[in-house]
Amino acid sequence: MRSPRGKDIAMFLLFVAISAVLWMVLSLNEEEQRDLRLPVKITQVPDSVTLISPGPEALNVSLRARGTQLFKMSWGKPPTVNIDFRAYRSDGILHLSSADLKALARNATGGAQVSFVYPDSLHIPYTNHAGYPAPIHVDYKATAGPQSALIGRPHLSVDTALVFVAAGRRLPDSFNSVSTEPIRLTDLDRTTTRRVKLLGPKGSRVIPDSVDVTFDVEPLIIKSRKVVIEPVNVPDNVKLITFPAQIDVNFMVPMSIYAGSDAHFRVLADYRTIRHGSKMIKLQLRDVPSNLKNVHLSADSAEYIIEHRK
């Protein structure tokens, strides 16, 4: 850099940098057209008022402004469009025309020219009613994996919601509960929680708008017990004796009820199923509790003898 050639290069780069800065300053002072997304906030809403629709989260606007303004709005925090509820309410409706939204966007952006705004109008009903309490119905289909079991029904973070309708309207006569959006879960192997939306009647608003639904899942543990084989449908003059007289019933039970589970089964040997010449009789399992899984006999048949009574 101390050589004559190095000094020439350094001087050249300096002038390039100065030119770039001057070009940027001149460019940022020129007006440009750009599309931006501006957050929306509805302010001055009384505590006694509930908006049936929360309104849009943002407005898409097309602005014409100096480059410095657009640079700040594009790369910094975009300005918020504040809608004063008191200024635009009328007969149960918060109404803003395209001209109203453009004026609010112009004020939020420091006087920039607004040529386009979307949505181009707002029409939000509201109510002073305290809301109709309604129970929450869980619309679900859930199954556990082969080594697990669902315990009880799913439980909710809240079991009641408030339903709001626009002023002058009523809930349908057939309405009796708020439903969750459909939940479909398969092969659950652990306790699972899902955040789901609540669905109210058309034109209504539900608060809260979503809830946590928890499905309790426990691992299954193998257990067995001996059950006496019961001969059935035996003629009065006949005695049916099976070998063995008892058989093991194997099953899987949720871990939380393993110690206290005292399942009762019936194992039947039906005389009418005996086939001529066969030394074995088929066994039938009955009265299986619904909370047990993979219930089966250690053997599906037993040897037998028949004694005729005098």
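Data block above holds the structure.
Heads up: these notes are all about the structure in this document. (Residues numbered from 1 in each chain as written. Predicted model: local features only at pLDDT ≥ 70, side-chain atom pairs only at ≥ 80, totals over all residues. Heavy atoms only, no water.)

## Details of the sheet that holds strand E2 (residues 50-51)
So, point 1. The sheet built from 4 strands is open, its strands ordered E2-E8-E6-E5 with antiparallel pairing. Looking along the sheet, the strands with just one partner apiece sit at the ends: E2 and strand E5 (89-90).
So, point 2. Of the strand pairs in this sheet, E5 and strand E6 (residues 93-96) are connected by 2 bridges, and their pairing is antiparallel. Bridge pairing links Ser 90 to Ile 93 in E6.
So, point 3. Contacting E6 and strand E8 (122-127), helix H4 (residues 98-108) runs over the sheet at an angle of about 75 degrees to E6. (Pairing = 2+ DSSP bridges. Helix = DSSP H or I, 4+ residues; strand = E, 2+ residues; numbered from the N terminus. Contact = heavy atoms within 4.5 Å. Axes fitted to C-alpha atoms, helices over the stretch in contact; angles between N-to-C directions.)

## Some details on the side chain of Asp 270
So, point 1. Topologically, Asp 270 is positioned in strand E22 (residues 266-270).
So, point 2. At 3.0 Å, the side chain of Asp 270 and the side chain of Asn 233 are in polar contact.
So, point 3. Setting aside its immediate chain neighbours within four residues, Asp 270 contacts Val 232, Asn 233, Ile 281, Lys 282 and Gln 284. (Polar contact = N/O pair within 3.5 Å; in protein donor to acceptor, adjacent residues only side chain to side chain.)

## Description of the pattern of salt bridges
Note that side chains of opposite charge can pair when their charged atoms are close.
So, point 1. Tallied over the full model, the rule gives 8 salt bridges.
So, point 2. Between Arg 86 and Asp 84 there is a salt bridge whose closest N-O contact spans 3.1 Å.
So, point 3. The class for Asp 84 is partly exposed, based on a relative accessible area of 23%.
So, point 4. Ionic pairing is found between Asp 139 and Arg 184, a salt bridge with its closest N-O pair at 3.6 Å. On the criterion of sequence distance, the pair formed by Asp 139 in the loop between strand E9 (132-137) and strand E10 (140-144) and Arg 184 in strand E15 (residues 183-188) is long-range, its members being 45 residues apart. (Salt bridge = Lys/Arg side-chain N within 4 Å of Asp/Glu carboxyl O. Buried < 20%, exposed > 50% of the residue type's maximum accessible area, 1.4 Å probe, protein only.)

## Here's the deal with the sheet that holds strand E13 (residues 160-165)
So, point 1. If you walk across this open sheet you meet the 7 strands as E12-E18-E16-E14-E9-E13-E17, and the pairing is mixed. Pairing within the sheet leaves two strands with one partner each, and these edge strands are strand E12 (155-156) and strand E17 (204-207).
So, point 2. When strand E16 (residues 192-199) meets strand E18 (residues 210-215), the two strands line up antiparallel, connected through 6 bridges. Residue Lys 197 lies in a different strand from E18, and its bridge partner there is Ser 210.

## Quick word on the packing of aromatic side chains
So, point 1. Counting across every chain of the model gives 3 aromatic pairs.
So, point 2. Residues Phe 85 and Tyr 126 carry aromatic rings whose centres are separated by 5.0 Å and whose planes lie at 70 degrees to one another, so their mutual orientation is edge-to-face. Of this pair, Phe 85 sits in helix H3 (residues 85-88) while Tyr 126 sits in strand E8, placing them 41 residues apart in sequence.
So, point 3. Taking the relative accessible area as the measure of exposure, Phe 85 reaches 0% and is therefore buried.
So, point 4. For Tyr 126, a relative accessible area of 9% gives the class buried.
So, point 5. When the ring of Phe 251 is compared with that of Phe 265, the centres are 5.4 Å apart and the planes differ by 50 degrees; the resulting orientation is tilted. Of this pair, Phe 251 sits in strand E21 (residues 246-254) while Phe 265 sits in the loop between E21 and E22, and the two are 14 residues apart along the sequence.
So, point 6. Look at Phe 265 and you get buried, because its relative accessible area is 8%. (Phe/Tyr/Trp six-rings, centres within 6.5 Å; stacked < 30°, edge-to-face > 60°.)

Spatial relationships are all this shows, so hold off on functional conclusions.
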